[in-house]
Amino acid sequence: MQVKVFSKRLPVEPIISVLICLSIALWATHVVLQKKQWTALKNYSDYALNYASGVTADLKTGVVSAQSSPYTACSHNDLELLRDLLWQHKYLKDIGHVQNGNLICSAERGVLKEAVALPPADAVLNNGVSFWRNSSALIRTHFEMDMTLTGSVLAITSPFAFDAIRYPDPTVSAIIYSKNNRYVFKTFGFNQQRDLAPSAKMTSAPLSYASCSEVNVCVMGERDRAGIFSLSFSQLLILVFASCLSGFGLYSLVHKARKHRHSMVYHLKNAITKDEFSIVFQPKIRLSDSMPVGVEALVRWDSHALGVVRPDVFIEVAEKYGLIRKITHRVIDLSMAQMQTTLDAKPDFTLSINLSIQDLTDLSLLPFILAKAKQYKIQHEQLVFEITERSAGDSVSLSDIVKQYTEADISISLDDFGTGYSNLAWLGHLNASEIKVDKSFTQSIGTDSINQTMLDAIFSLLQRLNVVRVFEGVETQEQADYILKYCPQAIVQGWLYAKPMPIDQLQSYLSQTTNGLGR
Ligand code: G
Ligand code: G
Ligand code: MN
C-alpha cells in the first residue's frame, strides 16, 4: 500500500514568499543597523582618542615642569612648585621625587618620614618611562591609580581622568594603548584584555575601529554584538512577525490577482455555454440628413458570477486564452437573428460586427458568416465587419483574407483608424471599403491638440479615397458641424445621436427617426 505524502498539500508558495520577505527584512535591518553602529563606534573612538591624547599631553607637561624645577628636590620651594603643578594640571593627582627606587616626597604629602619603595613597574615604555596600572601599592593602599616614572619624577594620574570616555552602552568597549609598545593603558567595557595591546586584525569582535594620535596613544573601540544580533529578543520577534506578515500579504495579493484572471477565463468559458452574452446596437447616422443607415453590434456580458464585465476587458482575455472565436460566432448569430427583420425591411441598412484579428485568420469564419446570412436571409451587401489591430500582424497575408470577404460582397471596415497599428500601413494593404476614424480625433475638435491637426490631415486623405467615412464618438453639435463642413458624406456614430441599445429599443428608435421624429 502506498503511503500518502502530506507534502502534496504543503502551502509551498506562501511559505516561500514569507521566507523571502523574512530574509530580505533581516538582511536589510542587519546592514542598516551595522552601518549605523559602525559610525557611532568610529565617532566614539575618535572622541576617546582625542580625549586620551589630551590627558597624556597634560600629564607629560606636568612632568616636564617638575623635571625642570630649579630647586633642590624635595626642598620647600620645590614642593611649592610641585603643589602649583597639581593646580595647573587637572589630570594630575600627585607628583613627587624618587630616589633609589623610593618615593621620598610628593606635592600632596610633603617630605615622607619614611621613604616608600616602588613596586616593580608593570611596563617600561620605549622612551624609558616606567608605568604602573591600577597600582594600590603606594601612598593610599585602598585606591587604585595609574603612575608613571620619568627620570626621578613620579606622576600619579587622577582616578577620574578617563570618566568622560566611560561608555554607557554595555555592548561597546574601548582599549587605550601605546602604539609602539602595544601596551594597554586602560580598558573600558567588556574587553578586559590587559597584557597585549590589540590591533584591529586581532579582535574577534564583529565591529571594531582603531586609530592612533601623534602622542603615541591609540584607541580601539569594539562592539561585541552588531546588526540584528544586537537586537533584544522582543525587537527581533517584532521584526520577524512584521516581515512574515508582509510576506503573507504580498503572497495574498499576487494570489488574488492570479485567481481573478483565472476565474475570468473560467467564467468566460462558462458564459459561452450558459449564453450570458447579449447584444446592443448603436445607430450609424448619415450626417447630411441625420438618417440612420446602419448599426454597430456591440457585445455585452452580464456574468452570473462576476457581474457586468466591460468588453474591452473580456475581449482581451478571450483573445489571449483562445476563446474569442466562440464568442465571435455567438455575436454573429445573435446580432443577425435580432436584426433580421430590420435588415429585411430596409435593404440599404447595414449591420456592422466587430472582429478581432484572430477571427479574421480563422478560415472557418467566412463559411460560417455565409451560412448564417443564408439562414437569416440577409444580403451580403448589408454586412460590415470591423477590424482593429491590437498587435502587429502580417498585414500582407491579411489582405488576401480581406479579398475573400470583398469577393463575397461583404464589407470590411478599418476600425479605430489613426490609433495603434490601424494606420496608413494597413490602409495600403487592406482593401477596406470603410474607415472608422477613432473617437480620439472626433473629440479633439475645438481643442488645439495635435489630434485636431491630424484630423485635418485625415480629412484630406479620406477625400482621395473611395471609401465610406465613419466618425466615431460624436458627442457635441460643434463636432457634428465641423465634420459636416469638411466631410459632407460622413457617417457618424456617437452619443449625440444615440447610445448603444438593445434590439427592442432600437426598433422603436428607428420607427421614430424614419418618421421624422428623430433628432
Ligand atoms: O462600446 P463598447 O464598450 O461595447 O466597446 C468596447 C470595445 O470592445 C470596442 O473597442 C469594441 O470594438 C469592442 N467590442 C465590442 N463588441 C465586440 C465584439 O463583439 N467583438 C470584438 N472583437 N470586439 C468588440
Ligand atoms: O472600437 P469601437 O468603435 O468598436 O468602439 C465603440 C466604442 O465606442 C464603444 O465602447 C461605444 O460604447 C463607444 N462610444 C460610442 N459612441 C461614443 C461617444 O459618443 N463617446 C464615447 N466616449 N464613446 C462612444
Ligand atoms: Mn467597432
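Preceding this section is the structure that the text describes.
Only a predicted model underlies this, so the values are computations on that prediction, with no experimental measurement involved.

Draft legend 1. The arrangement of the site of ligand 1 in detail. Taken together, ten residues lie near ligand 1, and Leu298, Val299, Arg300, Pro311 and Asn354 sit nearest. Contacts to ligand 1 include valine 299, whose backbone N or O atom sits 3.1 Å from a nitrogen atom. Note that an oxygen atom of ligand 1 is positioned 2.5 Å from one of the side-chain N or O atoms of arginine 300. Compared with its free state, where it exposes 500 Å², ligand 1 has 80% of that area covered by protein. Given that more than half its atoms are within 2 Å of the pocket grid, ligand 1 belongs to the largest pocket.

Draft legend 2. Molecular detail of the state of the cysteines. Going through the model one piece at a time under the given rule, you end up with two disulfides. The disulfide that involves cysteine 74 links it to cysteine 105, with 1.9 Å between the sulfurs. Around the S-S axis, the bridge from cysteine 74 to cysteine 105 shows a dihedral of about -80° and counts as left-handed. Placement of the pair is cysteine 74 in the loop between α1 (12–67) and α2 (76–88) and cysteine 105 in strand β2 (residues 102–106), with a sequence separation of 31 residues. Given a relative accessible area of 14%, cysteine 74 falls into the buried group.

Draft legend 3. Fine view of the layout of surface pockets. Estimates place the volume of the largest pocket at around 1000 Å³. Secondary structure elements with two or more residues in the lining of the largest pocket: β13 (291–303), β14 (307–309), α4 (311–320), α5 (324–345), β15 (350–355) and β17 (411–417). By residue number, the principal contributor to the lining of the largest pocket is β13, which donates five residues. Class assignment of the residues belonging to the lining of the largest pocket gives a composition of 14 nonpolar, nine polar and 14 charged. Put simply, the second largest pocket is a space of about 510 Å³. Forming the boundary of the second largest pocket are 27 residues, of which Thr56, Lys60, Leu125, Thr148 and Phe185 lie nearest the centre. Every element with two or more residues in the lining of the second largest pocket is listed here: α1, β6 (145–150), β8 (172–178) and β9 (184–188). It is α1 that provides the largest number of residues to the lining of the second largest pocket, a total of eight residues.

Draft legend 4. Region of interest: helix α3 (residues 233–274). If you check α3, its first and last C-alpha atoms are 58 Å apart, about what 42 residues at 1.5 Å a residue would give, namely 62 Å. Taken as a whole, α3 has its buried residues at Leu239, Ser243, Gly247, Tyr251, Ser263, Met264, Val265, His267, Leu268, Ala271 and Ile272. Next to the buried residues of α3 lie α1, β12 (277–286), β13, β14, α4 and α5.

What counts as what
- Position numbers for residues start from 1 in each chain and track the written sequence from start to end.
- To label them, take the chains in the order written and letter them from A, then take the ligands in the order written and number them from 1.
- Totals for whole chains, interfaces and linings use every residue, but because this is a predicted model, local features are given only for residues with pLDDT of at least 70 and side-chain atom pairs only at 80 or more, for both listing and counting.
- For side-chain calculations, the full set of non-hydrogen atoms in the structure is used, while hydrogens and water are omitted.
- One heavy atom within 4 Å of a molecule or strand makes the whole residue count as near it.
- Counted as a polar contact is a pair of N or O atoms within 3.5 Å, where, for protein atoms, one must be capable of donating a hydrogen and the other of accepting one, and residues adjacent in sequence contribute only when both atoms are in side chains.
- Each accessible area is a Shrake-Rupley estimate made with a 1.4 Å probe; only the visible protein chains count as cover when residues are assessed.
- Here a cavity denotes a set of grid points, spaced 1 Å apart and computed over the protein atoms alone, in which a 1.4 Å probe fits but from which it cannot get out, and a pocket denotes an open set meeting protein on both sides within 12 Å along at least five of seven lines; residues with an atom within 4 Å of a point are reported as lining.
- Should more than half of a molecule's atoms lie within 2 Å of a pocket's or cavity's grid points, that molecule is taken to sit in it.
- Criterion for a disulfide: a pair of cysteine sulfur atoms within 2.5 Å.
- Secondary structure elements follow DSSP: runs of H or I no shorter than four residues count as helices, runs of E no shorter than two count as strands, and numbering proceeds from the N terminus.
- Relative accessibility thresholds used throughout: buried, under 20% of the residue-type maximum; exposed, over 50%; partly exposed, between the two (1.4 Å probe, protein chains only).
- Grid points are joined across faces, edges and corners, and a volume is the space filled by probe spheres set on the points.
- Here the nonpolar group is Ala, Val, Leu, Ile, Met, Phe, Trp, Tyr, Cys and Pro; Asp, Glu, Lys and Arg are the charged ones; every other residue, Gly included, is treated as polar.
- The span you would expect from a helix comes to 1.5 Å times its residue count less one.
- Only heavy atoms enter the contact rule, under which two residues are in contact if any of them lie within 4.5 Å.

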